[in-house]
There are 2 protein chains.
Amino acid sequence: MELTKSQTKIILLSIDGLGGVDHPEYDKTELEYAATPNLDQLAKISETGLITHVDFGVTPGSGPGHLALFGYPPEEYLIGRGVLSALGVGYKPKRNDIFFRGNLAIQDNNGILTDRRAGRVSTETTQKIMEILNKEIAQIGDIKVQFLPEKEHRFVLILNGEGLQTDITDTDPQVTGKPKLESGALTPGSSKTAEIINNVVSKIDTILPKYKLGPNTALFRGVSSLPNIPQFKDRYLLDKTLCIATYPMYKGLSTLVGMTIALSPDDEDLNHLATTFSNNYTNYEFFFIHVKKADSYGEDGNFLAKAKVIEQTDKVLIPVITAKQDCVVCVTGDHSTPAIMAAHSWHPVPVLIHSKFARRSLINSFSERECSKGNLGTFPAQHLMKLLLAHAQKTKKFGA
Amino acid sequence: MELTKSQTKIILLSIDGLGGVDHPEYDKTELEYAATPNLDQLAKISETGLITHVDFGVTPGSGPGHLALFGYPPEEYLIGRGVLSALGVGYKPKRNDIFFRGNLAIQDNNGILTDRRAGRVSTETTQKIMEILNKEIAQIGDIKVQFLPEKEHRFVLILNGEGLQTDITDTDPQVTGKPKLESGALTPGSSKTAEIINNVVSKIDTILPKYKLGPNTALFRGVSSLPNIPQFKDRYLLDKTLCIATYPMYKGLSTLVGMTIALSPDDEDLNHLATTFSNNYTNYEFFFIHVKKADSYGEDGNFLAKAKVIEQTDKVLIPVITAKQDCVVCVTGDHSTPAIMAAHSWHPVPVLIHSKFARRSLINSFSERECSKGNLGTFPAQHLMKLLLAHAQKTKKFGA
């Protein structure tokens, strides 16, 4: 696809976990149950359909789901959770860094895991523990060690030095009732890295019990180095791109593709997202706005609370977005999170695209069922950006 | 796909630029606005859907659009405009020919282009100029030079000789207000060709002003040799194929894939297309019928005139086609040309396939919106020929 520049702005609103499944009690999906007059009206005059983020039947994580929305085939761009978390908390990567996603956790006297999240220990406690660990484990041999707190029990471990490699196995067994795993080298060159992470774990197991702050061990997974991922400015000729998100991982992903991260409060007040959008509107040409809580409540199995987040998004964010003239607006999500499954799912996600060149789909409302009758059909999410660029007249004709 | 022969004829009607977008004044697309009782009835009892010719969000030129309709992935078969124009005016290619698409143009005394089409100079004047240039520039070194008039300001330049190569840059800057470009060699072997085309341009710049016929210079682009493209008779076992088109480029493309070009008047009277079809019906097994003017009016931004061409097609051509028994009929287009955009666009194009083995889609009319609910869904145009061959029982079972 050959690209060109245009003045038209593109707004991509991702409601995390948007898609749902009929709830037996309410006889509807969350999106159908929510009162969404603004989205319904917008869907009528928009092109609509459903998108699949990875493959038929594949349940996407939020990372791959958003990569697909951004137009990167997620099976080609595998990005470790570690680097996303590091970028998410604002860390500036250095040469020879590798990153681990860490969980503070609890094990019993026999080393059997009893809580992989240490009772979702508070962010403050995690900050305190990170300070301790940074002091006590600053260096192992020639490798620098750094701990960064994320939210609640989550943290990032960064190793820096020569000869580090990422093809090692996780220490997080992903279940309780079992001991932690020893990290192993998948290739001869990575044995040094596996040794160091095992060494870090055993030091943590010695240090933490002394402080009696709750967590007495830590789990590591998602080791990764900084991936070489094409930037929005090169891939789409989009130079001024803004990420309006509150959760670290989404900021991390947006940083990776070259977006500017909007300064925004850490809580997820939709009014703050709306204000941030309005205040920055003139200065950017692409906006990625992320609403997290629909997914969080979906994962909790809380149908009504998820519907409420969608309702609030319709009430607070949509009018602010649709008030802008001559732009391209896309509303969708990164995967489904049906409350009845209390988990992400593979079900395709509703999508709408509005511009002055949109063929109106004239569907009755913005929902999974109506969008399945929409004029875009069901298509892979990785093609979405191409449609948005076309609607914004940022593409050139192919051939004479 | 393994093929076989059958008696069933296939008729592919391409209405150029068929697809549209809702016009704010008429609240409909061109195809919806046009009264098309015959197409509507046909769509009901046909398989229907939408086709995309190149890729999501990619606006096809008419060349790639038709290549896709003919079943050739347009990104694999890149065909220069030069050779299409040459074939279109009936030129029979020889060994060592290379082809340029030319524009007669006007530049000011400082060599700045003021009109890339010389006021759309008449075909007659262009013919006169070609005669002059053929006399004055018959040969440059060991290279034979030949000029052929196309329509209005358009012409074809053919160079013939040893050592010509096509990897050179255009002299047409594609905009006015700038001087012409010097052609450059993209590989060492093509410097001779670049020198010759620059030499041709400087000779034209000396010759044309003397005759005071309007144009005083010429622009060249789309240099190409005869591509090696599989023939319909080999690719589809279709031996007797007829192109019924009036515009040179479409005849050129059809020649390239091995179709016979019907003798037809140069004007685009739909009655002539219908008569040509009827007169040749018994002698061919595949018919490509091309209606150009829907696209031309779309490009002019003339919603009503485009709708009128569609209406006339419905009235004049469709009854003649549907009167034929036991054939496979496909009606579609090569891309959308929404009048509100006054340009080609990426929007998918309605398609219908009728045969005695068609699953009736029972949609209400032949339109973008109704076809988006059709039973074929939205699919890449390059798969269309396979469906037509299947409906014509020209395909074999795969496996036992």
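Just so it is clear, the model here is predicted, and its values are computed rather than measured. (Residues numbered from 1 in each chain as written. Chains lettered and ligands numbered in written order. Predicted model: local features only at pLDDT ≥ 70, side-chain atom pairs only at ≥ 80, totals over all residues. Heavy atoms only, no water.)

1. Focus: the relation of the copies chain A and chain B
If you rotate chain A by 122° and push it 0.5 Å along the axis, it lands on chain B with an RMSD of 0.3 Å. Taken together, the rotation and translation relating the two chain copies correspond to the operation of a three-fold axis. (Least-squares fit on C-alpha atoms with pLDDT ≥ 70 in both.)

2. Describing the sheet that holds strand β12 (residues 328–332) of chain A
Residue and element names in this part refer to chain A. One open sheet holds the eight strands; their spatial order is β10-β9-β11-β1-β12-β13-β2-β14, and the pairing between them is mixed. Every interior strand has two partners, whereas the edge strands, β10 (260–261) and β14 (377–380), have only one. Two elements, strand β2 (residues 47–52) and strand β13 (residues 349–354), share five bridges in a ladder whose sense is antiparallel. Counted as the bridge partner of G49 is V351 from β13. Against the sheet, helix α3 (residues 62–69) engages β1 (10–15), β2, β11 (286–291) and β12, with an angle of about 155° to β1. (Pairing = 2+ DSSP bridges. Helix = DSSP H or I, 4+ residues; strand = E, 2+ residues; numbered from the N terminus. Contact = heavy atoms within 4.5 Å. Axes fitted to C-alpha atoms, helices over the stretch in contact; angles between N-to-C directions.)

3. Some remarks on the pattern of salt bridges
Any two side chains of opposite charge can pair if their charged atoms end up close together. Within this structure, the stated rule accounts for 39 salt bridges over all chains. With its nearest N and O atoms 3.8 Å apart, the salt bridge here joins K394 of chain A to E285 of chain A. In this pair, K394 of chain A sits in the segment after α13 (384–391) while E285 of chain A sits in the loop between α9 (270–280) and β11, placing the two residues 109 residues apart along the sequence. For the salt bridge of K386 of chain A with D55 of chain B, the shortest nitrogen-to-oxygen distance reads 2.7 Å. Within this pair, whereas K386 of chain A is found in helix α13, its partner D55 of chain B is found in the loop between β2 (47–52) and α3 (62–69), the two belonging to separate chains. Here the residues in one salt-bridge network are R360 of chain A together with D22, D27, E32 and R369 of chain B, joined through shared partners. (Salt bridge = Lys/Arg side-chain N within 4 Å of Asp/Glu carboxyl O.)

4. Observations concerning the domain arrangement of chain A
All names here are of chain A. When cut into domains, chain A gives domain 1 (9–77 + 229–391) and domain 2 (84–224). On the side of domain 2, six residues touch domain 1, which itself brings nine residues to the contact. Summed over both partners, the interface of domain 1 with domain 2 comes to about 700 Å²; 74% of that surface belongs to carbon and sulfur atoms. Counting the contacts that link domain 1 with domain 2 gives zero residue pairs in polar contact (both at pLDDT 80 or more). Here the side of domain 1 that touches domain 2 is built from residues that sort into five nonpolar, two polar and two charged. (Domains from an automatic or database assignment. Buried area = accessible area lost by both parts, 1.4 Å probe. Polar contact = N/O pair within 3.5 Å; in protein donor to acceptor, adjacent residues only side chain to side chain. Nonpolar A, V, L, I, M, F, W, Y, C, P; charged D, E, K, R; others polar.)

5. A look at helix α11 (residues 303–322) of chain A
All names here are of chain A. Helix length check: α11, at 20 residues, gives a terminal C-alpha distance of 27 Å against a target of 28 Å (1.5 Å per residue), a fit within 8%. The largest bend along α11 measures about 35° and falls at D314. What α11 keeps buried is the set F303, A305, K306, A307, V309, I310, T313, D314, V316, L317, I318 and I321. (Expected span 1.5 Å × (residues − 1). Bend = angle between axes of the 7 residues up to and from the residue. Buried < 20%, exposed > 50% of the residue type's maximum accessible area, 1.4 Å probe, protein only.)

6. Looking at the interface of chain A and chain B
Counting residues at the interface gives 25 residues for chain A, matched by 33 residues for chain B. Connecting chain A to chain B are three salt bridges. Here R360 of chain A ties to D22 of chain B by a salt bridge, and the two come within 2.9 Å at their closest N and O atoms. Joining chain A to chain B, the criterion identifies ten residue pairs in polar contact (both at pLDDT 80 or more). For the side of chain A that touches chain B, the elements supplying multiple residues, two or more each, are β14 and α13 of chain A. With four residues, the single largest contributor to the side of chain A that touches chain B is α13 of chain A.

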